[in-house]
Amino acid sequence: MSGYDTSAAARVVVGVSGSLGSVTALRRATALTRGLRAELWPVLAWEPPGGDATARRSPAAALLVEEWQRLAKQRLASVLGEIFGEEGPGVPMRAVIVRGTPGRALVATADRESDLLVVGAGRRGLQRAFSGRVCRHCVTHARCPVLAVPPSPLASELVAVHRRNAWHRRMDTRDL
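Since this is a predicted model, take the numbers as computed values, not measurements.

The rules behind each value
- Residues numbered from 1 in each chain as written.
- Predicted model: local features only at pLDDT ≥ 70, side-chain atom pairs only at ≥ 80, totals over all residues.
- Heavy atoms only, no water.
- Buried < 20%, exposed > 50% of the residue type's maximum accessible area, 1.4 Å probe, protein only.
- Helix = DSSP H or I, 4+ residues; strand = E, 2+ residues; numbered from the N terminus.
- Right-handed = clockwise from strand over helix to strand, strands pointing away.
- Disulfide = S-S within 2.5 Å.
- Contact = heavy atoms within 4.5 Å.
- Core = buried A, V, L, I, M, F, W, Y, C linked by side-chain atoms within 4.5 Å.

Chemist: Quick question: what am I supposed to make of the pairing of strand β2 (residues 39–46) here?
Modeler: Strand residues, when the strand is regular, have side chains that alternate between the two faces of the sheet. Here β2 lies mainly inside the structure; 6 of its 8 residues are buried. One crossover worth recording links strand β1 (residues 11–15) to the parallel β2 by way of helix α1 (residues 20–36), and it is right-handed.

Chemist: Got a minute to help me understand the state of the cysteines in this structure?
Modeler: Cysteine pairs can be covalently joined through their sulfur atoms, and such a bond is termed a disulfide. One pass over the full model with this rule turns up 0 disulfides. This cysteine, Cys 144, is not joined by any disulfide, and Cys 138 carries the nearest cysteine sulfur, 8.6 Å off. Using a relative accessible area of 8% as the deciding quantity, one classes Cys 144 as buried.

Chemist: So what exactly am I meant to see when it comes to the environment of Val 14 here?
Modeler: Its place among the elements puts Val 14 in strand β1. Taking the relative accessible area as the measure of exposure, Val 14 reaches 0% and is therefore buried. Sequence-distant contacts of Val 14, that is, excluding residues within four places in its chain, are made with Ala 25, Leu 26, Ala 29, Leu 40, Trp 41, Pro 42, Val 43, Leu 106 and Val 118.

Chemist: Would you take a moment to explain the nonpolar core for this structure?
Modeler: Counting 28 residues, the largest nonpolar core has Val 12, Val 14, Leu 26, Leu 40, Trp 46 and Val 118 as the members making the most contacts within it. Of all the elements in the fold, those that place two or more residues in this core are β1, α1, β2, α3 (61–84), β4 (116–120) and β5 (146–149). Sorting elements by how many residues they give to this core places α3 first, with 9 residues. Ignoring anything within four residues of it in the chain, the contact list for Leu 40 reads Val 12, Val 14, Leu 26, Ala 29, Thr 30, Thr 33, Phe 84, Pro 89, Val 91, Pro 92, Met 93 and Arg 94. Among the nonpolar cores identified, the runner-up in size contains 15 residues, and Val 13, Val 43, Leu 117 and Cys 144 belong to it.

Chemist: I would appreciate a short explanation of unusual backbone geometry in the present structure.
Modeler: Excluding glycine, residues mostly carry a negative phi; peptide bonds, for their part, are mostly trans. For Arg 37, which is not glycine, the phi dihedral falls at a positive 55°. Tracing the chain through its elements places Arg 37 in the loop between α1 and β2. Here Arg 37 falls in the exposed class, since its relative accessible area comes to 77%.

Below, the structure is given as structure tokens:
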């Protein structure tokens, strides 16, 4: 982040979905917010089931929009509560829910040049070709600096355990 004017960073905007990658990005964003003396803006993007195009075609969907928005707000509060607990992040925070795809919602929220946008970089390995779309969209379209946070080292361990369990392999206790 050399060359970035830290005195101008008013907001650190971070995408939050509850995934392991977004939790890692949220923790990094919180630490950056503390160092930059900025305000933390965790953002959860939501769409109606089936997307906006499907919702526009269904007359019943209009009745459910408020409920979907309430559920998104509840999900964001739940994730923030799990990460920060009752004491909160220890920095000024404004939690935001935005209707739309995650990439577009994050870019629209981090609309100032003085903002810093923090996103999870996606998975490593063979699955990377199918992940990281949000990160790519943000890096390509954002007007502010974007920090792509690599996955936690525990993420690859979790994938390995899941793979071993899916194939019903025995765990080697010598690794413990």
